[in-house]
Amino acid sequence: MPAVKKTVDSVEALERYQHGFITSVDQEFAPKGLSADIVRFISAKKQEPEWMLEWRLAAYERWLAMDEPDWAKVNYPRIDYQDSYYYAAPKEKIGPMSLDEVDPEILATYAKLGIPLREQEVLAGVQGAPKYAVDAVFDSVSVVTTFKKELAAVGVIFCSFSEAVREHPELVKKYLGTVVPASDNYFACLNSAVFSDGSFVYVPPGVRCPMELSTYFRINAAESGQFERTLIIADEGAYVSYLEGCTAPMRDENQLHAAVVELVTLDDAEIKYSTVQNWYPGDPETGKGGIYNFVTKRADCRGDRSKVSWTQVETGSAITWKYPSCVLRGKDSVGEFYSIAITNGRQQADTGTKMIHLGEGTRSRIISKGISAGRSSNTYRGLVSAHPKAKGARNFTQCDSLLIGKTCAAHTVPYIEARNGQSVFEHEATTTRLSDDQLFYVMQRGLSQEEAVQLLVNGFVKDVLQELPMEFAVEAQKLVAISLEGSVG
Amino acid sequence: MTLSLALEARDLSQLPSRRDEDWRWTDLRGLIRELPAPSPEVSADLSPGPFGDEGQAELLVVNGRVWGDVGLLTLAEGEARVVRLRFVSATAATGHGIKLAVSLAPGAHLTLLESYEGQAPDYLADAALNVRLETGARLERIVLASDHAEGVSVSTASVSLAPGAGFAQTVLTDGARRQRLETRVEHPGQSAAVRMDGAYLIADRRHADLTTAVNHAGTDGTTDQLVKGVVADQGRGVFQGRITVSPGADRTDARMGHHALLLSDRAEVNAKPELLIFADDVACAHGNTVGALDEDALFYAQQRGIPEAEARAMLTEAFIGEVIDRIVHDGAREVARAWAAKRRVG
């Protein structure tokens, strides 16, 4: 009875957070705590040039003078920044290596997570399945980047950030910190001082990147934070689609993840950036443990007619505090934000976007679907603004919230600032619970309550799911089901 | 941090600034460099206010001093009354504040025709109303703010309702140098109903801020809100609306709409329509639009021989008309309609 077996399997799979295992590898740590010496240590470990160290130290100085922000609708005990490791790496040689040199434990970890690190594995599936290149970041270092040769053949640079600092300093110098300056906010500033690894992508003029690029972030070490930095540049007329995934082990302590992502699009270029965020959300009953996900993501649409599209599926993290944004500087540039944020258990999320219209004829679109269940709290916070010069700016925003259960909260906090008479902004938001009528209808046709909820929720988030690249859409759909497990009945 | 605290304590640092989240678009600390002298007592011998002789009685507040019987604002059980409440700022470059209580016993019915009148420039005026409605009481509050272009004015109404009470208000303003009209409602649910409308027509360099906060504490409450604005020249309109549904306030039905027209390249509208929901069995929605006049409608009107300026005026008047049509008191509705026609902007 394959159908029954499948049901049993999927019910078992729904049990709990699946990526919560710990990989035991020999790891090397920087001493606990944060100081200028730790910043120097990280920089030295990565064999960085002097200018990079200077940049980090300057950020560290600024960070010391900043206050931790508290305006988000999230509650958490104060973070002790001295009680964490800022550098943790598997004991291996630094720099790019072939797969044979990678610790088999780490390879097994990625295999368990379903991330193909061997290029032939990607092809092992269905014939004609699309390829995608992976940069695998394990705690503070990138362990492997696949398909580099094939990408280099068309001029696309895809490598770890550390490698980019060494191999392409001119590009890094030109763009680093130009979208998110070190002084932008408290967590971005901290990241600028201690960032470890992340991905670097450069797509040269006129090139359409031949495959999806992706980075998979894994926090493994205890009492450590992850501070990755990603920089993607799409030169004139270029196109790239980039995916990002993340998981972490289940631990009783809270771990900080403060990343910075900078995207730059020049004339006629396009970047599609998709995230499936599934950090460990903490214990659903007690709220113990879980990742603090305080991330700064921003795109600068510098070029005319350029486009950036953010798609995010946020299901994990104890606390999520992030606003992937678009600065629409170029004439007729376009920004898009598609988001599904699901909170369950005791999770808290304060997420949304900023669309800053500076150029003429700029357009943006925001579709946000928030689902809260359990004792969680889910806030959409977004800003749409039009500068006096942004004649003909257009925005459409739709934020829908779905509540499942009596003890959760859903908030919508949009900010709209229109400063010229030729822009048109439309915003609509609704908050409802799952309709009893719909549930009844679906269950009447033989689905269990859990399945019925899944079906309706999938319908609710459909607008966003269809924006995801196919590989992620399937995973995301499963994640939606997992995240809502135990939220009804 | 409020203007009234700053006036009482004569302390500038008590003024709200853009660093206060609720005042991010209406900065007083950055605007006011020194506190003016307290306003003097002046005679209450004034010409009629914007509501003329509508209603049965008038309570006059000039420079923060009450002239007349404050008892007009306390209604006994089952009593019904229409009262004009006028706040007049009569002296240039002075400051004053006033606090008044409005109390409606069960089943009482009050129509409050409230006006803010600025007769001299550069004043700082603060008015606070504390409103309490008992079971089954009804209050319709129509506020017409005609502050001076160079006046600074803050009005705050805190309204608490008993179950089954009804509160409806319409706030109409053409702004001031800086002006904030704020309403906070404690909504017990249990069939109490709230309507909170507003319209702003802003030109020159004026500023108007309509801020509302409704907290639904009990089940079965409804809130219906429609705010519309038209901003021309270098005017600035601000709308902040917050609807909170507390845990257990099931079957709350709350709807908020804010729509604004920008008629010039330098006009500005800032809006923050907020929903904070802590209960699941609710139907809450908000809509917000900001844009220019519909070119197609303008073209249609012109095609039929209506000059452009006239067509624009007609369209903006019709736009605001939707808010004015919801006023229940006939006389007040006519006054509001005349106000909107006279203050055509753009």
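Residues numbered from 1 in each chain as written. Chains lettered and ligands numbered in written order. Predicted model: local features only at pLDDT ≥ 70, side-chain atom pairs only at ≥ 80, totals over all residues.

Student: Residues and numbers for the packing of helix 2 (residues 295–303) of chain B against helix 3 (residues 308–324) of chain B, please.
Tutor: Residues and elements named next belong to chain B. Close contact between helix 2 and helix 3 brings their axes to 9 Å; oriented N to C, the two are set at 130°. Judged by the angle between their axes, helix 2 and helix 3 are oblique. In the packing of helix 2 onto helix 3, the handedness of the crossing is right-handed. The residues of helix 3 that touch helix 2, namely those facing Ala-297, Leu-298, Ala-301 and Gln-302, are Glu-308, Ala-311, Arg-312, Met-314 and Leu-315. (Axes fitted to C-alpha atoms, helices over the stretch in contact; angles between N-to-C directions. Helix = DSSP H or I, 4+ residues; strand = E, 2+ residues; numbered from the N terminus. Parallel < 35°, antiparallel > 145°, perpendicular 65-115°, else oblique. Left-handed = near helix turned anticlockwise from the far one by under 90°. Contact = placed C-beta atoms within 7 Å.)

Student: Lay out the interface of chain A and chain B with the relevant residues and their values.
Tutor: Tallying the contact residues gives 32 residues for chain A and 32 residues for chain B. By residue class, the composition of the side of chain A that touches chain B is 15 nonpolar, 11 polar and six charged. Across six bridges, strand 23 (residues 409–418) of chain A lies against strand 18 (residues 268–277) of chain B in antiparallel orientation. Across the sheet, Thr-412 of chain A pairs through a bridge with Leu-275 of chain B, a residue of strand 18 of chain B. (Nonpolar A, V, L, I, M, F, W, Y, C, P; charged D, E, K, R; others polar. Pairing = 2+ DSSP bridges.)

Student: Mind laying out the domain arrangement of chain B, listing which residues take part and the relevant values?
Tutor: All names here are of chain B. In terms of domains, chain B is made up of domain 1 (1–35) and domain 2 (41–292). For domain 1 and domain 2, the distance between their C-alpha centres works out to 20 Å. Listed as interface residues are 10 residues of domain 1 and, on the opposing side, 12 residues of domain 2. Class assignment for the residues of the side of domain 1 that touches domain 2 results in seven nonpolar, two polar and one charged. (Domains from an automatic or database assignment.)

Student: Please give an account of the pairing of strand 8 (residues 229–234) of chain A that cites residues and values.
Tutor: Residues and elements named next belong to chain A. For strand 8, the tally of buried residues reaches six of six residues, placing the bulk of the element in the interior. On strand 8, burial covers both faces: Arg-229, Leu-231 and Ile-233 on one face and Thr-230, Ile-232 and Ala-234 on the other are all buried. Pairing between strand 6 (residues 199–203) and strand 8: four bridges, direction parallel. By the bridge assignment for strand 8, Phe-200 is matched with Leu-231. Strand direction decides the pairing type here: strand 8 and strand 11 (residues 260–265), joined by six bridges, are parallel. Along strand 11, the bridge assignment pairs Arg-229 with Val-260. (Buried ≥ 20, exposed ≤ 12 C-beta atoms within 10 Å, placed from the backbone.)

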